[in-house]
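An overview of the molecular structure
Take a look at the letters that make up each chain.
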Amino acid sequence: MRCLGVLLLVGSASGCTCGPSAADVAVDAAATAVVPADLVAASWPVQMATEADFRSFSSEPAWIALVMQRNVRDVVPLLGAVGGDGAARAHAEASLAFRQAALLAAHAVVETFGKTPEPSDPVGVAHLLTVGHALRGELAEARAASALLPPGDPTEPWHHPWRTWLAGPANWPPDLSGLPLGLPPVVVGGWPAGAPAPHYQLVERVEGGGARPFADPGALLALALWHEGAARLAAPGPALDGFLAGYRLPVEGAQPGGELTMPWLFGGELLVAADGLFLADLHGGAPAVDAWKDRSILAWLAHASRGSAGTIDAQLAVDRVADLRDAIAAASSARTGGEVQAHQRQFGEIAFTGALRGLALVAEVEGDREQGGRLRINAWEHSHKATAWPAGLLALAAWDASNRYPSRALDILHAQVRRMPELDPARYALDALALRVGRERPGETPGI
Amino acid sequence: MAAHPFRTLAAAALAIGAMGSLGISYYEESLPSTLNPLFARTMVDHRSLELVFDRLYYRSAITNELKSRLVATHESLSEGKQLKITLREGVKWHDGKDLGPDDVCFTVSAMLDPKTPSTVAKEYREAILKCESLPKENAAIITFSKAFHNPRERIAFAVMPKHAFANTTITPDLDFSSRPIGTGPMKGSKGRREVKFTAFPNGHHNAAIGELVQAEGGDPFVQVRTLLNAGVQGVISVSPQLRPEVQANDDVALKSYGLRSWWFIALNTVNGPLKDKRIRQALDAALDRNALRELTIGVDPNDANPPCEFVSGPFVQSSPYYNRAVKVRPAADLATVKSLMASAGATEQHGRWILNGNPITLRIGMNAPLDVEAKDLLNQIGNQLQSAGFDRQVFRVSSDDWTLKAVTGQFGKDYEALVGKWSFGVVEDVNPMFQTRAADGRGALNIFNFANKEVDALLQRFDAARTDTEAQDAYHDLHALLAADLPYLFLWRLDTKSAWRNEVRNNTISPYFYFTEFDGWKL
């Protein structure tokens with residue numbers, strides 16, 4: 001009986017350990033000195049170190065699917081039926097995944113049709129560029145692209161809401177209710193499919209040119225906003241904004257966040273209540289790190305990972321995050337008799353991967369894409385099952401697209417679409433980028 | 001034949017002992033077939049060469065930014081049809097001589113020399129017309145066949161030393177192929193059982209790891225045990241079945257390697273019973289891919305992102321070239337086998353197919369190193385085909401034979417089927433595998449010299465495509481045609497994961513080329 005909760009939560013991934021086992025690892029107690037003990041103690045993995053702590057979650061299968069399988073699509077209706085913070089969390093997870101898929105599509109269309117245009121590109125790419133630039137926060141470019149779209153283009157029904165939005169002050173969010181997606185009214189626990197892709201055909205400008213089927217990036221944003229609306233309906237309050245803070249779109253800019261309660265933290269990549277506040281504040285600049293380092297684990301890690309340049313050094317960051325994992329293991333196991341249990345180890349891995357991804361965001365804001373990229377890729381290397389957070393993985397795919405590196409993005413999106421078919425519209429834009437990049441690069445002959 | 005794993009292990013351990021604290025060793029799939037960049041065919045070749053040579057331009061493994069360690073500045077001339085590159089000062093070859101623009105132009109001339117039998121050079125031949133050396137400026141002007149918007153991409157070739165060759169006709173059998181002279185971070189020397197790389201401090205490289213020993217991987221289990229016991233520091237390709245064990249170990253980390261590989265069984269469409277398409281289709285129907293995958297690679301039914309995914313054509317499923325309308329065939333369909341074989345004129349006697357009075361016997365070969373990734377695949381394929389009524393003999397083909405004979409189309413009378421895999425980076429050009437082989441280099445990787453006019457026409461359509469969509473449509477049609485005509489039985493995509501001990505730090509792995517960022521690796 002004692003093992004039941006752990007068995008449910010850990011499942012087959014790590015096996016159930018009831019007491020000491022060969023899988024348990026001894027942790028050097030000295031490691032706990034590295035990260036401030038009060039921050040470690042406040043982290044959700046330590047707060048949830050015992051079965052009794054997380055029984056309210058482990059008794060609910062939807063939470064197991066959310067944390068151990070990262071199966072957002074299946075979880076939304078289940079937690080939606082329960083309502084409250086859990087439902088809001090599930091919708092927020094979906095919102096972030098769709099946001100990052102929209103950003104992926106935005107980067108892909110700008111890189112393909114904006115940075116390496118071909119004379120044969122369809123006229124309608126002006127609409128794609130409008131949306132792409134808009135989501136990237138490049139409103140002047142978005143307006144310029146919008147002005148190039150001729151009347152009667154097949155994209156017109158999808159373009160109209162954007163033209164209207166860009167004609168004004170472009171306050172976030174745009175009203176996308178006019179998109180021909182057939183989205184139902186926002187309801188907690190709902191999972192709208194949107195209109196099936198492709199959404200229109202774009203004719204290429206060559207003699208006898210074929211039609212390029214395409215899906216609209218705005219559809220992904222509409223779904224993201226729909227789920228955000230459902231999350232607010234389920235649990236009004238600032239916690240949602242704290243949860244969304246790290247992975248908002250560039251066009252959204254900085255938004256105030258709120259403290260995260262346990263339903264917003266449990267099994268997630270933010271570790272303490274103030275991590276969301278820190279990320280919300282981060283877009284204000286580097287002082288956020290110093291301002292929050294005593295309350296936010298992420299800010300503390302960013303502070304402790306500064307290299308000689310005064311910004312995050314990826315190797316230092318990896319070392320600090322590994323220290324954090326050890327410290328969490330030590331503090332967690334201290335609450336259960338000194339041996340690290342399977343679920344504690346798993347929680348530590350989630351913290352490890354989440355901290356890497358969080359620090360990558362900080363490095364990006366500091367303007368160091370190289371260090372940020374190293375951390376993103378390091379996090380991706382550790383993303384398996386419970387640590388394979390869809391929004392984080394899609395954020396890496398979006399980042400890759402912005403770098404004109406489609407291969408990994410294709411694989412990530414392919415895997416996510418398998419579980420969340422509604423992400424499929426992003427595939428069209430990414431395919432366009434992959435085709436263009438693949439045809440312009442020699443030097444990679446097929447290898448045996 | 002692969003070295004016995006314990007002998008390899010002993011050799012590697014011995015090498016480590018001699019290397020001291022700044023050396024590491026690792027297991028490769030096999031030894032490289034060459035260390036001459038013009039003749040690289042295997043992924044082992046490409047990976048090894050990245051340590052020894054510099055390409056004029058390369059892409060960052062992190063940001064994908066186009067960079068160069070050899071070029072200081074570049075300038076576009078003649079409205080984009082020429083590129084002037086000025087070389088960085090102080091770059092030395094591994095024999096101590098200075099790198100100069102003559103070396104760049106020599107490499108171009110060697111690639112353009114029609115007597116240099118290099119498939120690697122083929123795509124550069126299509127883009128580059130000539131190279132003019134400007135020694136006083138330490139610069140070279142490269143002229144292209146047309147203006148490219150990305151000319152630096154078009155010269156991402158490895159630079160070779162002019163002084164190491166008598167003329168621009170370069171052949172693979174020169175000593176240079178085993179004792180190359182490059183400007184890369186490591187000086188390489190290929191022996192019979194290992195390749196040793198030694199750091200060569202240079203103006204543009206300063207590898208932190210002094211020595212690197214590459215040994216041929218044998219039994220995958222032994223490889224992993226040796227890694228976990230610190231007998232080696234890295235394994236390039238870890239069998240999927242062993243990944244959970246590696247993942248559970250705190251001293252070792254699994255690393256993803258950006259390589260898209262798909263596995264196949266090439267069928268002999270020129271000689272023997274498989275000339276008949278119906279018999280090829282029967283073989284396709286006889287395969288139980290689900291069972292093959294489970295028996296040789298292992299499948300976690302709960303894994304939402306499995307490392308192995310079936311394919312129905314010559315692309316991975318995530319590729320924009322993959323035709324999703326062509327469905328995979330995961331299970332065997334013996335009724336279809338019977339129907340197809342009957343229509344081909346075969347009769348079944350005591351569970352064996354008889355054609356023209358003789359049992360159908362299939363000689364099946366497999367590129368031996370693949371056994372590391374999919375243990376016992378060859379036997380399992382043979383067993384399945386035998387239980388469907390086809391006699392079989394199975395053979396492991398050595399890496400050298402695979403490289404020198406199989407992919408060059410010389411096994412047409414030796415085998416009915418060959419099991420292999422192809423690996424790709426960002427570029428997914430499958431024309432060399434399916435185009436009719438020709439003296440001009442077309443069809444250079446056509447294993448059984450398959451020839452089909454419809455296929456050739458589609459490949460021509462791909463090459464002549466004016467737009468990305470036309471290229472995509474051509475390959476979608478190709479996928480459908482190949483899935484029906486079956487010069488290959490398409491199996492699956494299998495991702496590649498390496499494992500490195502944690503004492504090897506900052507070990508960024510570049511997509512496709514692997515060791516591009518080796519300078520940053522530390523102990």
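Rules used in this analysis
- Residues numbered from 1 in each chain as written.
- Chains lettered and ligands numbered in written order.
- Predicted model: local features only at pLDDT ≥ 70, side-chain atom pairs only at ≥ 80, totals over all residues.
- Heavy atoms only, no water.
- Helix = DSSP H or I, 4+ residues; strand = E, 2+ residues; numbered from the N terminus.
- Buried < 20%, exposed > 50% of the residue type's maximum accessible area, 1.4 Å probe, protein only.
- Contact = heavy atoms within 4.5 Å.
- Areas by Shrake-Rupley, 256 points an atom, 1.4 Å probe, with all protein chains shown as cover.
- Rg over C-alpha atoms; globule rule 2.2 N^0.38 Å.
- Lys, Arg positive; Asp, Glu negative; His and termini not counted.
- Charge placed at Lys NZ, Arg CZ, Asp CG, Glu CD.
- pLDDT = per-residue confidence, 0-100.
- Buried area = accessible area lost by both parts, 1.4 Å probe.
- Salt bridge = Lys/Arg side-chain N within 4 Å of Asp/Glu carboxyl O.
- Polar contact = N/O pair within 3.5 Å; in protein donor to acceptor, adjacent residues only side chain to side chain.
- Nonpolar A, V, L, I, M, F, W, Y, C, P; charged D, E, K, R; others polar.
- Pairing = 2+ DSSP bridges.
- Disulfide = S-S within 2.5 Å.
- Axes fitted to C-alpha atoms, helices over the stretch in contact; angles between N-to-C directions.
- Expected span 1.5 Å × (residues − 1).

Here we come to the overall build of chain B. Along chain B, the regular secondary structure elements total 15 helices and 22 strands. Expressed as lengths along the three principal axes of its C-alpha atoms, the size of chain B is roughly 80 × 55 × 40 Å. Expressed as a percentage of its 523 residues, the buried residues of chain B come to 60%. In chain B, once contacts between residues fewer than 6 apart in sequence are set aside, the share between residues at least 24 apart is 69%. Carbon and sulfur atoms provide 50% of the accessible area of chain B, an area that totals close to 19400 Å².

Right, let's talk about the overall build of chain A for a bit. What chain A contains, in helices and strands, is 22 helices and two strands. For 448 residues, the compact-globule estimate of 2.2 N^0.38 gives 22 Å, and chain A sits close to it at 22 Å. Expressed as lengths along the three principal axes of its C-alpha atoms, the size of chain A is roughly 75 × 50 × 50 Å. Put simply, chain A shows about 14700 Å² of open surface, and 57% of that area lies on carbon and sulfur atoms. Charged side chains of chain A number 34 positive and 47 negative; the gap between the two group centres comes to 2 Å.

With that settled, consider the environment of B:Leu287. All names here are of chain B. Here leucine 287 lies in the loop between helix H7 (277–286) and helix H8 (289–296). For leucine 287, a relative accessible area of 0% translates into the label buried. Between the C-alpha atoms of leucine 287 and asparagine 383, which are 96 residues apart in sequence, the distance is 9.8 Å. Sequence-distant contacts of leucine 287, that is, excluding residues within four places in its chain, are made with Ile265, Leu292, Ala331, Ala332, Ile381, Gln384, Leu385, Leu489 and Leu491.

All names here are of chain B. When the pLDDT values of chain B are averaged, the result is 92; 95% of them are 70 or greater. The spread of mean pLDDT over the elements of chain B runs between helix H1 (residues 5–19), the lowest at 44, and H7, the highest at 98. In the predicted structure, residues 1–20 sits below a pLDDT of 50 and forms 29 contacts with residues beyond four places in sequence or in another chain. Predicted complex, confidence summary: ipTM 0.92, pTM 0.93.

So, about the interface of chain A and chain B. It is common to give the size of an interface as the accessible area lost on bringing the parts into contact. Listed per partner, the contact involves 50 residues of chain A and 68 residues of chain B. Buried surface at the junction of chain A and chain B, summed over both partners, amounts to about 5300 Å²; 48% is from carbon and sulfur atoms. Per-residue buried area on chain A facing chain B is highest for A:Arg439, A:Glu444 and A:Ile448; these three make up 17% of the total on that side. Taking the shortest distance from any N to any O, the salt bridge between B:Asp468 and A:Arg436 comes out at 2.8 Å. For the pair chain A and chain B, the number of links is 23 residue pairs in polar contact (both at pLDDT 80 or more). Per element, the largest residue contribution to the side of chain A that touches chain B is nine residues, and it comes from helix H22 (residues 425–439) of chain A. Its residues assigned to classes, the side of chain A that touches chain B comprises 16 nonpolar, 13 polar and 21 charged.

With that settled, the discussion passes to the pattern of salt bridges. A complete count under the given rule lists 58 salt bridges over all chains for this structure. A salt bridge links A:Arg374 to A:Glu370; its shortest N-O distance comes to 3.0 Å. Of the two residues, A:Arg374 and A:Glu370 are both situated in helix H19 (residues 369–381); the distance of four residues between them amounts to about one turn of the helix. With a shortest N-O distance of 2.7 Å, B:Glu373 and B:Lys421 are connected by a salt bridge. Taken together, the residues B:Glu373 in helix H10 (residues 370–373) and B:Lys421 in strand E20 (residues 417–424) connect sequence positions 48 residues apart. A relative accessible area of 3% places B:Glu373 in the buried class. Judged by its relative accessible area of 4%, B:Lys421 is buried.

A few words now on the pairing of strand E12 (residues 252–257) of chain B. Residue and element names in this part refer to chain B. Most of E12 is tucked away: five of the six residues are buried. For E12 and strand E22 (residues 496–501), the ladder comprises six bridges, and the chain directions are antiparallel. Pairing of alanine 253 across the sheet is with tryptophan 500, part of E22.

This brings us to the sheet that holds strand E10 (residues 211–216) of chain B. Residue and element names in this part refer to chain B. An order of E8-E9-E10-E1-E11-E22-E12 is seen for the seven strands of this open sheet, with the pairing classed as mixed. In this open sheet, the two edge strands, each paired with only one partner strand, are strand E8 (186–190) and E12. Note that strand E11 (residues 234–235) and E22 share two bridges and pair antiparallel. Bridging across to E22, valine 235 finds its partner in alanine 499.

Attention now moves to the state of the cysteines. Joining two cysteines, a disulfide is a covalent bond between their sulfur atoms. All names here are of chain B. Scanning all chains against the criterion turns up one disulfide over all chains. For cysteine 105, the disulfide goes to cysteine 131, at an S-S distance of 2.1 Å. On the sign convention where negative means left-handed, the S-S torsion of about -65 degrees between cysteine 105 and cysteine 131 marks this disulfide as left-handed. Of this pair, cysteine 105 sits in helix H3 (residues 101–112) while cysteine 131 sits in strand E6 (residues 128–134); the two residues are 26 residues apart in sequence, bridging distant segments of the chain. The burial state of cysteine 105 is the same as that of cysteine 131; both residues are buried.

What follows concerns the sheet that holds strand E4 (residues 71–77) of chain B. Residue and element names in this part refer to chain B. Reading across from one edge, E4-E5-E7-E6 is the order of the four strands in this open sheet, with antiparallel pairing throughout. Looking at which strands have only one partner, the edges of the open sheet turn out to be E4 and E6. Mean inter-strand twist for the sheet, computed between neighbouring axes without regard to direction, equals 20 degrees.

As a further point, take H3(B). In an α-helix, one full turn covers 3.6 residues, which means residues spaced three or four apart are oriented alike. All names here are of chain B. Between its terminal C-alpha atoms H3 stretches 17 Å, which fits the 16 Å expected from 12 residues at 1.5 Å a residue. Within H3, nine of the 12 residues are buried, which leaves it mostly tucked inside the rest of the structure. Taken together, the buried positions of H3 are occupied by Pro101, Asp103, Val104, Cys105, Phe106, Thr107, Val108, Ala110 and Met111.

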